[in-house]
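Below are the chains, spelled out letter by letter.
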Amino acid sequence: MKNHHYLTSGVLESYLLGLVSDEEKEQLEHVLATDPDVLAELNELEAQMEVYFLENGVPPPPGIKVAIEQRLSDTEITKWDANQQAHTQSPKSEPDAPRSNYIDVEVDNTHIRVHKNWRAAFIAVFILSKVFLILGLYYYFKADSQAQEIQRLKAAAQQTAPLPTNP
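Counting restarts for each chain: residues are numbered from 1 in the order of the written sequence. Given that this is a predicted model, residues contribute local features only at a pLDDT of at least 70 and side-chain atom pairs are listed and counted only at 80 or more, while totals for whole chains, interfaces and linings are drawn from all residues. Side-chain metrics in this entry use all non-hydrogen atoms of the structure; hydrogen atoms and water are not considered.

A.B. asks: Lay out the overall build of the protein chain in plain terms, naming residues and giving numbers.
C.D. replies: Only DSSP runs of H or I with at least four residues qualify as helices, and only runs of E with at least two residues qualify as strands; both kinds are numbered from the N terminus onward. For the protein chain, the helix and strand inventory stands at seven helices and zero strands. Reading the helices (α) and strands (β) of the protein chain from amino to carboxyl end gives α-α-α-α-α-α-α. Within the protein chain, the fraction of its 167 residues that count as buried is 8%. Pairs at least 24 apart in sequence give 52% of the contacts found in the protein chain among residues at least 6 apart. Areas reported as accessible are Shrake-Rupley estimates using a 1.4 Å probe. Residue values count occlusion only from the protein chains shown. Accessible surface, the protein chain: about 15200 Å² in total, of which carbon and sulfur atoms supply 58%. Accessible area is worked out with a 1.4 Å probe on protein chains only. A residue is then buried under 20% of its type maximum, exposed over 50%, and partly exposed in between. Contact criterion: two residues are considered in contact whenever any of their non-hydrogen atoms come within 4.5 Å of each other.

Here it is in structure tokens:
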């Protein structure tokens, strides 16, 4: 099977997550238009991912919907609705291309958000690692100085040991 690569390499998962390059995206969309097996696998993966994300999703903070609605003006909402209606009513130039019901969003925030309980755990692990590093260095240098002391005592013991005499 020529398109077995798409089914086993993780390209479909990357495509669903939006992690493929434009060239890979075009190639995959061409394969999706020609191979029903790959399209069926993509639809199945999308359903599995949707179920996973719905089951494991973190709910947004309360009031976020109201804050978003307050930031958006009525003209932006109507403009998007008019654009969406025109998009669904007009025939597509590429009938084989898969349809998307999603809005493209550009994100310029690159910070990773971590739940507040994990922050405390990360801080505790960081502090404990520093404590263990300091303890490890302390005991390493202590063992090293004791080894040097033993060598010094052995050398001193050999120098002061009586020489055996012949009878």
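Next comes the rest of the description.
A.B. asks: Could you give an account of the nonpolar core, naming the residues involved and the relevant values?
C.D. replies: Nonpolar side chains in soluble globular proteins tend to end up buried together. Grouped together as the largest cluster of nonpolar side chains are eleven residues: Tyr6, Val11, Leu12, Tyr15, Val20, Leu28, Val31, Leu32, Val38, Leu42 and Leu45. Among the secondary structure elements, those contributing two or more residues to this core are helix H2 (11-17), helix H3 (22-34) and helix H4 (36-56). Ignoring any residue separated from it by four or fewer positions in sequence, one finds Leu28 in contact with Tyr6, Val11, Leu12, Tyr15 and Val38. Throughout, nonpolar core names a set of buried Ala, Val, Leu, Ile, Met, Phe, Trp, Tyr and Cys residues whose side chains join them through atoms within 4.5 Å.

A.B. asks: Give a description of the packing of aromatic side chains that names residues and reports values.
C.D. replies: The way to describe two aromatic rings as a pair is by their centre distance and the angle between their planes. Within 6.5 Å between ring centres, the rings of Phe, Tyr and Trp (the latter by its six-membered ring) count as paired, and their orientation is classed by plane angle as stacked under 30 degrees, edge-to-face over 60, tilted in between. Applying the stated criterion across every chain yields a total of four aromatic pairs. Measuring from ring centre to ring centre gives 5.6 Å for Tyr52 and Phe53, while their planes differ by 65 degrees; the resulting arrangement is edge-to-face. Here Trp118 and Phe122 contribute two aromatic rings whose centre-to-centre distance is 6.1 Å and whose plane-to-plane angle is 35 degrees, an arrangement assigned as tilted. One end of the pair is Trp118 and the other is Phe122, both in helix H7 (residues 116-160) and four residues apart, which spans about a single turn. You can call Trp118 exposed: its relative accessible area is 53%. Given a relative accessible area of 51%, Phe122 falls into the exposed group.

A.B. asks: Summarise a negative patch on the surface; cite the residues concerned and give the values.
C.D. replies: On the surface, Asp22, Glu23, Glu24 and Glu26 cluster together into a patch of negative charge. Mapped onto the fold, Glu26 is located in helix H3. A patch is a set of surface residues, each over 30% in relative accessible area and not in a salt bridge, joined within 9 Å for like charges and within 5 Å for the nonpolar side chains Val, Leu, Ile, Met, Phe, Trp and Tyr. Only one rule defines a salt bridge in this text: a Lys or Arg side-chain nitrogen within 4 Å of an Asp or Glu carboxyl oxygen. Residues counted as positive are Lys and Arg, residues counted as negative are Asp and Glu, and His and the chain ends are not counted. Here the site of a charge means NZ on Lys, CZ on Arg, CG on Asp, or CD on Glu.

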